[in-house]
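Each chain, written out:
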Amino acid sequence: ARTSFQVAPGGLVPPAWQAPEVTLSVVIPAYNEERRLPQMLSETLAYLESRAAASLGRFSFEIIVVDDGSTDGTFSAASYPLQRTSVDAADPRRSGQLRQGDLRVLRLSQNRG
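Read on for an overview of the structure. Counting starts from 1 at the beginning of each chain's written sequence and moves along it residue by residue. Confidence filtering applies because this is a predicted model: local features only for residues at pLDDT of at least 70, side-chain atom pairs given and counted only at 80 or more, and all residues used for totals across whole chains, interfaces and linings. Heavy atoms throughout the structure, all of them, feed into the side-chain values; hydrogens and water do not.

Within the element layout of this structure, D68 appears in strand 2 (residues 61–68). Of the side chains with opposite charge, R112 comes closest to the buried, unpaired D68, at an N-O distance of 5.5 Å. Of note is the side chain of D68, whose polar atom sits 2.8 Å from the backbone nitrogen of R112. Should any heavy atoms of two residues lie within 4.5 Å, those residues are counted as being in contact. Other than its neighbours up to four places away in sequence, D68 contacts A30, Y31, L108, Q110, N111, R112 and G113. Only DSSP runs of H or I with at least four residues qualify as helices, and only runs of E with at least two residues qualify as strands; both kinds are numbered from the N terminus onward. Buried means the residue's accessible area, taken with a 1.4 Å probe over protein chains only, is under 20% of the maximum for its type, while exposed means over 50%, and partly exposed covers the values in between. Residues scored as positive are Lys and Arg, those scored as negative are Asp and Glu, and His as well as the terminal groups of each chain are ignored. The working definition used for a salt bridge is a side-chain nitrogen of Lys or Arg within 4 Å of a carboxyl oxygen of Asp or Glu. Any pair of nitrogen or oxygen atoms within 3.5 Å is treated as a polar contact; in protein, a donor-acceptor pairing is required on top of that, and neighbouring residues in sequence qualify only through side-chain atoms on both sides.

So this is what it looks like as structure tokens:
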């Protein structure tokens, strides 16, 4: 069985000659940001989605929110756009209108400073 530290050569980092899969990666560290995250994510997603739509497929993005052991509802607040997307994805009228980007939310069990 393979474990996480047994990776084939080139498995962690793609070769330099391979085109990147994502144009822009935005990493957002968050600690007790339950009240700030919804508006910030809404504005950020709106901007990035409009930029992706205007680029005709030449621009893609990912947003990675890292919840650094928050004691409030930061994880839920950051995850809300994911729930909205899954609801929209179920609606056939929204087909093809979903984001040209990814949102990932990671939760650390305790604050790492």
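Within the open sheet, the three strands sit side by side as 1-2-3. Their pairing is parallel. Of all the strands in the sheet, just strand 1 (24–30) and strand 3 (101–108) have a single pairing partner and so form its edges. Neighbour-to-neighbour, the strand axes of the sheet open up by a mean angle of 15 degrees, direction not taken into account. At least two DSSP bridges between two strands are required for those strands to pair. Here strand 1 runs beside strand 2; their pairing, made up of seven bridges, is parallel. Paired with V26 across the strands is I63, a residue of strand 2. The axes are straight lines fitted to the C-alpha atoms, using for helices just the contacting stretch, and the angles between their N-to-C directions are given from 0 to 180°. Here helix 1 (residues 37–54) sits on the sheet and contacts strand 1, strand 2 and strand 3; the angle it forms with strand 2, its principal contact strand, is near 165 degrees.

Right, let's talk about the packing of aromatic side chains for a bit. Describing an aromatic ring pair means giving the distance of the ring centres and the angle of the ring planes. The criterion for an aromatic pair is that two Phe, Tyr or Trp rings (for Trp, the six-membered ring) have centres within 6.5 Å, with stacked assigned to planes under 30 degrees apart, edge-to-face to planes over 60 apart and tilted to the rest. Evaluated as defined, the whole model comprises one aromatic pair. Each ring is checked for a lysine NZ or an arginine CZ that lies within 6 Å of its centre and within 35 degrees of its normal; such an atom marks a charge sitting over the ring. Here the basic side chain of R107 rests over the ring of F75, its NZ or CZ set 3.8 Å away from the ring centre.

Here the focus is unusual backbone geometry. Residues other than glycine seldom take positive phi values, yet N32 does so here, at roughly 50 degrees. By secondary structure assignment, the location of N32 is in the loop between strand 1 and helix 1. Phi at L56 takes a positive value of approximately 55 degrees, unusual for a residue other than glycine. In this fold, L56 is placed in the loop between helix 1 and strand 2.

Time to look at the pattern of salt bridges. Overall, the coordinates contain three salt bridges when judged by the stated rule. Across the pair R36 and E33 runs a salt bridge, and its minimum N-O distance is 2.7 Å. Here R36 falls in the partly exposed class, since its relative accessible area comes to 37%. On the basis of relative accessibility, which here comes to 22%, the residue E33 falls in the partly exposed class.

This is a description of form; function is not addressed.
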